[in-house]
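The residues making up each chain are set out below.
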Amino acid sequence: MCGIVAYVGHRDAAPLILKGLKRLEYRGYDSAGIALLNGALNVYKKKGKVKDLEEAIAHETLQSTIGIGHTRWATHGEPNDRNAHPHYSASKNLAIIHNGIIENYSSIKKNLIKKGHEFHSDTDSEVFVHFIEDIQINAGCTLEEAVRLAMKEVVGAYAIVVMDATNPTQLIAARKGSPLVIGVGEKEFFFASDATPIIEYTHEMIYLNDYEIAVVRDGELTVKNIDNALQSPYIQTVELELEAIEKGGYEHFMLKEIFEQPRSVADCLRGRVNADNGHLVLGGLREYTDKLAKAKRIVIVACGTSWHAGLVAEYLFEELARINVEVEYASEFRYRNPIIKEGDFVIAISQSGETADTLAAIELAKSKGATIIGVCNVVGSSIPRATHAGAYTHAGPEIGVASTKAFTAQVIVLTQMAIAVARKKGSLHEDTFRRLLFELERIPHKIETVLQSDGKIKEIAEKFKDARNFIYLGRGYNFPVALEGALKLKEISYIHAEGYPAAEMKHGPIALIDAEMPVVFIATKDSSYDKVVSNIQEVKARKGQVIAIVTEGDKLIPTMADYVVEIPAMHEALIPLVSVIPLQLLSYHIAVMRGCNVDQPRNLAKSVTVE
Ligand code: G6P
């Protein structure tokens, strides 16, 4: 979703900001813009990619040591040059970049129009900067004070940076509900939606809190809260390496991230699991494992791929720990007056840690007395800060919009949680506990083995790249994997795909099956194996094209299926960690063959910071 980059210091701001905006491209956007103080406060903006903006301004003299830049993912108003950010105030002395939504913008706009304001875009963001300037003029106050007063009036979510033509060393930023990170250098400051545009200049960062205003003036930073009280911001050293946010020789980030999974899963296990001495500890949950073991009910809230990881967790917690689990779309949960009682546990799963609906679901559950556990990837993001406890997934930055390594990292953390809680509860036999730990340690190697089938999967992709529909079927632990496989395909190749529980196929999708229909079965040797074999026969009887993900050495399914990809044998509860890999590769290759923009699929955002 929208990306913010701003800079004030001694460097040439324009190339730094444009490069930073490219680092944020993965978030998803449809237009880009930049404002600089080069003679006057000049705004340059354009529909399309950052490179389109660069081409459009190539002939300009862009010398400036201060600037703000933005990539916009349209909410109010269509994606076009006019609606792109930055936006000017009425006098053109101020320019704003804004990530989020101002819900009461239309009433503010009406009042401003009555006062004679003219607007040049359809955005809520332009209203915000006009409003700030109007307050400043009427109250005769500083810009900082005007921003603070405006924050008291606006309803919604925002991260903003405001630049002022009359104050060439000053940037003012504020946040409520949308992420904003400040990089602290030597007499220079960087503002961004996440750490990726900043990391090559400094590792020292401040994550601004809600209702905080940061002012940089003459090389000094002050942070105040909405009541004007001075804050002492915590400067943390962010351990992110530049290589982690670059492609490292791969054609796409998504492919790099798929191939990173042996390492990311191993990182997620490191220090937490040791099968030799029966050790399993999730540091951030040490105090909560006991409490979770006594929980009567766990509610999981998440969106998208993270929701699929939540479904896997439902199977894990119910089977291993015998705890009742409900998995909720955060966006539904928050508007449904859900029944949450004191003593309930809510697990919020999020790669970005910024998803607006998940964050709102957490706040709602908290207000009803639940204990909130976070499973997040981005360290320091909003969700881990809003939870009582949690475990990071340590997958490293995920840049491809289609989530891959974050999913396996979420599942491995949730698996460890379920095993730890089951162990505490006494619902897991010692032998099974030991076996699960032993097998967990071998998952990175098993993923590695499956990645070696890449060439074969590419051949399968070639056969099906022109398909118009796909069905993905699985049962038990492989049902969420079927959903995830279908999501991956539709996200990046724009082929319609549906995931279904294999048996449920008879209640609808079977009507779609003919010789043109590819059906992907996740048909591993597990407790549903025989049933899934029957489902494959049902599809073949209707001439469907079957691609089956099977367990190594399976002799039966290869006699029925048209194409087979083998994965190693493992404990049933761990299969999703490995069975999802061929599906990620299949969707990747099909999307590449169809000429799609794999890393930045149309209309999608990596981090959905608006509801
Ligand atoms: C967006 C992304 C998905 C992601 C979902 C939830 O739709 O494109 O890949 O699964 O948001 O995001 P989260 O960061 O909360 O996991």
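Quick summary incoming for the structure in this document. (Residues numbered from 1 in each chain as written. Predicted model: local features only at pLDDT ≥ 70, side-chain atom pairs only at ≥ 80, totals over all residues. Heavy atoms only, no water.)

Here we look at the packing of helix α3 (residues 105-114) against helix α4 (residues 124-139)
Then step 1. Here α3 crosses α4 at 50°, and the two axes come no closer than 10 Å. On the basis of their axis angle, the class for α3 and α4 is oblique. Two packed elements cross with a definite hand, and for α3 against α4 that hand is left-handed. Between α3 and α4, the residues in contact are Tyr105, Ile108, Lys109 and Leu112 and Asp124, Val127, His130, Phe131 and Asp134, respectively.
Then step 2. Of the residues in the contact of α3 with α4, the class split is 5 nonpolar, 1 polar and 3 charged. (Axes fitted to C-alpha atoms, helices over the stretch in contact; angles between N-to-C directions. Helix = DSSP H or I, 4+ residues; strand = E, 2+ residues; numbered from the N terminus. Parallel < 35°, antiparallel > 145°, perpendicular 65-115°, else oblique. Left-handed = near helix turned anticlockwise from the far one by under 90°. Contact = heavy atoms within 4.5 Å. Nonpolar A, V, L, I, M, F, W, Y, C, P; charged D, E, K, R; others polar.)

Notes on the packing of aromatic side chains
Then step 1. Tallying each qualifying case throughout the model produces 9 aromatic pairs.
Then step 2. Consider the rings of Phe128 and Tyr158, whose centres lie 5.4 Å apart with planes at 75°: the pair is edge-to-face. With Phe128 in helix α4 and Tyr158 in strand β7 (residues 156-164), this residue pair connects regions lying 30 residues apart in the sequence.
Then step 3. For Phe128, a relative accessible area of 2% corresponds to the buried category.
Then step 4. Arranged with centres 5.5 Å apart and planes meeting at 85°, the rings of Phe464 and Tyr563 form a pair that is edge-to-face. One end of the pair, Phe464, is in helix α15 (residues 454-464); the other, Tyr563, is in strand β27 (residues 563-567), and 99 residues separate them in sequence.
Then step 5. Through successive ring pairs, a cluster of aromatic residues spans Phe464, Phe470, Tyr472 and Tyr563.
Then step 6. Sitting over the ring of Phe119, Lys109 keeps its end group 5.3 Å from the ring centre.
Then step 7. Cation over ring: Arg602 sits above Tyr494, and NZ or CZ is 3.8 Å from the ring centre. (Phe/Tyr/Trp six-rings, centres within 6.5 Å; stacked < 30°, edge-to-face > 60°. Buried < 20%, exposed > 50% of the residue type's maximum accessible area, 1.4 Å probe, protein only. Lys NZ or Arg CZ within 6 Å of the ring centre and 35° of its normal.)

So, helix α18 (residues 576-593)
Along an α-helix, residues three or four positions apart point the same way, because every turn accommodates 3.6 residues.
Then step 1. For α18, built from 18 residues, the straight-helix expectation of 26 Å at 1.5 Å per residue is met to within 8% by its first-to-last C-alpha distance of 26 Å.
Then step 2. α18 sits mainly inside the fold: 16 of its 18 residues count as buried.
Then step 3. The positive-phi residue at the C-terminal boundary of α18 is Gly595, with phi of around 75°. (Expected span 1.5 Å × (residues − 1).)

Concerning the pairing of strand β21 (residues 371-376)
Then step 1. The buried fraction of β21 amounts to 6 of the 6 residues, a majority that puts the element mostly inside the structure.
Then step 2. Side chains of β21 alternate between two faces, with Thr371, Ile373 and Val375 and Ile372, Gly374 and Cys376 buried alike.
Then step 3. Here strand β20 (residues 345-350) pairs with β21 via 6 bridges, running parallel. Counted as the bridge partner of Phe345 is Thr371 from β21.
Then step 4. Handedness of the crossover is the feature at issue here: the chain leaves β20, passes through helix α11 (residues 356-367), returns alongside β21, and the resulting connection is right-handed.
Then step 5. Both β21 and strand β22 (residues 389-392) contribute to a ladder of 4 bridges, which runs parallel. Looking across to β22, one finds that Val375 is bridged to Ala391. (Pairing = 2+ DSSP bridges. Right-handed = clockwise from strand over helix to strand, strands pointing away.)

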